[in-house]
Amino acid sequence: MANSPIEFFLGRPLGNREAGGRRLGVAAGVPAMGLDAIGSASYGPEAALTILAASGAAGLGAMGPITWVIIALLAILFLSYWQTIEAYPNNGGSYIVAKTNLGANVGLLAASALMVDYLLNVAVGISAGVGALTSAIPVLHPYTLWLCLVILAVITLLNLRGTREAGLAWALPTYGFVLGFAAILVVGVCKSLASGGHPQPVIAPPHLAPPAEAVSIWLVLRAFSSGCTAMTGVEAVSNGVGAFREPRVRHAHGTLAAIVLILGALLFGIAYVAKAYGIMAMDQTKDGYQSVLSQIVDAVWGRGWLYDVAIGSVLAVLCLSANTSFVGFPRLCHLVAEDGYLPRPFAVPGRRLVYSVGVLFLAAGAAGLLIAFDGITDRLIPLFAVGAFLAFTLSQAGMAMHWWRARRERAPQSSAATRMPVLRAKLAINGIGAVATGTALVIILLAKFIEGAWITVLIIPLAILLLKSVHRYYEDLDRQILHGSDRPLDLRQREAPIVFVPLKRWDRLARKAVEYAMRISPDVTALHFTALEGPEADDPELALQKNWHRLVELPAVRSGFAPPRLHCVPAEFRTLSAPLLRVLARARDQSPHRPIAVIVPELVEGRWWGYLMHTHRERRLRARLLRYGGRNIAVTSIPWQLADEEATDVIRAEEPTAPSQPRDDEVEPDRPAARRKTDRLAGGDPASIGHTVS
């Protein structure tokens, strides 16, 4: 049973040893990493048909050749990423491949392109899914944006629970979509073949509009560039090889093959049936809109239970296609953050062994896009595919360079002569892939630049500048902290610090703070700031001075200690920071080589409503001292807990016992036994740790 709302929604925290049980196989990998590619079969062909609609029936006839070119390009990508997974079995994403083989700057270009692609994929997928819903239930059309945001929130929550949970949750709608539309498309193809290519629709699609322009090379190129959005997401498997269980390469290869075969079959079937039944894309912004898939089901099967199931599966798969980005984006950010180009919280897994900061950042960015474009797919499509195909191209170019270097390094070795044809073939595959995807990228940029692709072209360089600025920050930080760190400790000057203790009144918390201060230094000064409560409030200054001599100075002298001093400091503007910083500055001027310590007494409230009862000046003071107090200052908090809290409650909440802990050799079979033993001791009981250290 959940002990808190966070545990109810996200589940219990997972230990590092449970990571092995969170890995994916092929069955869970297809919905976890293939929803983007599989779902794009619905809006990719529709995006191409939207462009071809201007030329009427003639444009519909051009859909077949465009689809065959896209399928051929998909096959090239399949072979290329198959090799990438084999060459980089840990994580062979575009960022790693480009950085390793083409340099850090090219790697950042690939990372920026992928980040933009992942962000747009979430917005486009959810928007297309809601478009499918509103085409089936037109009364929901005015609520498009709100539906998008609600679905985004649900997907985010499930991914915060873990990649494996998300993959299993999406399995039913994914395989339901694939099987349902496979059956519908097979029936549609069979009807078309049986009728000589002119099947009779059960429900006739809207009549084709008269052509507004002729089919031209430019129109075909624009339609091809829009249809290329159907290939986005193919790279997700190579980006997330680390999410698969052992043997990783075999499971990743199986998942990639399944995704590409399903996607290719869907693209062919949709293009064939749409042409046979005369189905063209409609304007999504207008009432009465029906998606291409909705029209296909109407024409092949009609309305009824199968229509409801099919459109429901389209809605689910399109909305959940964003899950691919929620798997890939946080992992990409983790790799980039490990190299110092993103803030370090992106590199740290959260309570469920997922990179929670990356998940939340992606959700926030996608929400912003959906709000900015009012949740309409057609407005987002022009921004799409630029980042994906740029990442494709850089990944293929990087792999081509990888095989070229391997070929040159192994050429002098006589034993490698038999492998040279294999290396040449691999080089040719990735080289052709780089040329093909690069050509497609140029076409997409030319065709979509004015329609909105210029935004992506602008964002990617800005993202690179942002990544480089983060890296410069960490370089400056390392220079400050690491410079001179190899010098041994200098213990010649061991003067006790000058200690200051800010006090409001004399009470048990003040006594605890003064006693601690006297333990670390004979030079202790208590500071009482007057008029903190305003000009009309009574100040406890006189009472504090009377008690100071009797309760502090006399006991200190009798025990042979130097008596602490009490200074009253006016706080004209009712703040602690400025008066205390002036006191510290004077002390630093008088004794520039002595360290300074500030002991801050602080009440600790364990009840949520108790935080409303206090001013929290101590927290603000501590934050300002740490920032502005200088490099020779130490700030120590002396707590007084207002409620008795057991440490075991926190330990139990943060380190719950897993139902069944796997053995170390099952989770990390390749890790040395001595290292596993060290990890066990580091997370075990204090007695074991103490024995190990001693």
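Residues numbered from 1 in each chain as written. Predicted model: local features only at pLDDT ≥ 70, side-chain atom pairs only at ≥ 80, totals over all residues. Heavy atoms only, no water.

## A short note on the overall build of the protein
1) Next: A tally of helices and strands in the protein yields 26 helices and 5 strands.
2) Next: Counting all 694 residues of the protein, 49% fall into the buried class.
3) Next: Total accessible area on the protein stands at roughly 34100 Å², and carbon and sulfur atoms take up 62% of it. (Helix = DSSP H or I, 4+ residues; strand = E, 2+ residues; numbered from the N terminus. Buried < 20%, exposed > 50% of the residue type's maximum accessible area, 1.4 Å probe, protein only. Areas by Shrake-Rupley, 256 points an atom, 1.4 Å probe, with all protein chains shown as cover.)

## Section: the pattern of salt bridges
A side chain of one charge can pair with a side chain of the opposite charge when the charged atoms of the two come close.
1) Next: Applying the stated criterion to the full structure yields 9 salt bridges.
2) Next: With a shortest N-O distance of 3.2 Å, Asp507 and Arg505 are connected by a salt bridge.
3) Next: In this structure Asp507 comes out as partly exposed when scored by relative accessible area, which is 28%.
4) Next: Taking relative accessible area as the criterion, Arg505 reaches 51% and is therefore assigned exposed.
5) Next: Here Asp523 and Arg565 are joined by a salt bridge, their closest N and O atoms 2.4 Å apart. A residue pair is termed long-range when its members are at least 10 positions apart, and Asp523 in the loop between helix H19 (508-520) and strand E2 (524-530) and Arg565 in strand E3 (residues 565-570) qualify at 42 residues. (Salt bridge = Lys/Arg side-chain N within 4 Å of Asp/Glu carboxyl O.)

## What to know about the sheet that holds E2
1) Next: Pairing is parallel in the open sheet, where 5 strands are placed in the order E3-E2-E1-E4-E5. Each end of this open sheet is capped by a strand with a single partner; those strands are E3 and strand E5 (633-641). Neighbour-to-neighbour, the strand axes of the sheet open up by a mean angle of 25°, direction not taken into account.
2) Next: Note that strand E1 (residues 498-503) and E2 share 5 bridges and pair parallel. (Pairing = 2+ DSSP bridges. Axes fitted to C-alpha atoms, helices over the stretch in contact; angles between N-to-C directions.)

## Topic: the environment of Gly107
1) Next: Relative to the assigned elements, Gly107 resides in helix H6 (residues 104-136).
2) Next: Among the residues examined, Gly107 registers a relative accessible area of 0% and is labelled buried.
3) Next: A sequence separation of 229 residues divides Gly107 from Val336, and the C-alpha atoms of the two residues are 9.4 Å apart.
4) Next: Setting aside anything within four residues of it in sequence, one finds Gly107 in contact with Tyr95, Ala98 and Lys99. (Contact = heavy atoms within 4.5 Å.)

## Side note on the packing of helix H7 (residues 144-161) against helix H15 (residues 356-372)
1) Next: Contact geometry of H7 with H15 gives a least axis separation of 10 Å together with a crossing angle of 175°. Taken together, the axes of H7 and H15 are roughly antiparallel relative to one another. Where H7 approaches H15, its residues Leu145, Cys148, Leu149, Leu152, Thr156, Asn159 and Leu160 are matched on the opposing element by Ser356, Val359, Leu360, Ala363, Ala366, Ala367, Leu370 and Ile371.
2) Next: Residues belonging to the contact of H7 with H15 are distributed by class as follows: 12 nonpolar, 3 polar and no charged. (Parallel < 35°, antiparallel > 145°, perpendicular 65-115°, else oblique. Nonpolar A, V, L, I, M, F, W, Y, C, P; charged D, E, K, R; others polar.)

## Section: the packing of aromatic side chains
1) Next: Counted under the stated rule, the structure contains 11 aromatic pairs.
2) Next: Taking 5.3 Å as the distance between ring centres and 45° as the angle between the ring planes, the aromatic pair formed by Phe177 and Phe181 counts as tilted. With Phe177 and Phe181 both in helix H8 (residues 163-194), this residue pair falls 4 residues apart, about one helical turn.
3) Next: A residue is classified by how much of its surface remains accessible, and Phe181, at 2% relative accessible area, is buried.
4) Next: For the pair Phe346 and Phe361, a centre-to-centre distance of 5.7 Å together with 75° between the ring planes defines the contact as edge-to-face. Here Phe346 is found in the loop between helix H14 (322-338) and H15, whereas its partner Phe361 is found in helix H15, with 15 residues between them in sequence.
5) Next: A relative accessible area of 8% means that Phe346 is categorised as buried.
6) Next: The ring of Tyr307 is capped by Arg303, whose NZ or CZ atom sits 4.1 Å from the centre of that ring. (Phe/Tyr/Trp six-rings, centres within 6.5 Å; stacked < 30°, edge-to-face > 60°. Lys NZ or Arg CZ within 6 Å of the ring centre and 35° of its normal.)

## Observations regarding the side chain of Asn430
1) Next: Structurally, the position occupied by Asn430 is in helix H18 (residues 420-482).
2) Next: By relative accessible area, which is 0% here, Asn430 ends up buried.
3) Next: A polar contact of 2.9 Å, which involves the side chain of Asn430, links it to the side chain of Gln396.
4) Next: With residues near it in sequence (within four places) discarded, Asn430 still touches Ser80, Gln83, Thr84, Gln396, Met399, Ala400 and Trp403. (Polar contact = N/O pair within 3.5 Å; in protein donor to acceptor, adjacent residues only side chain to side chain.)

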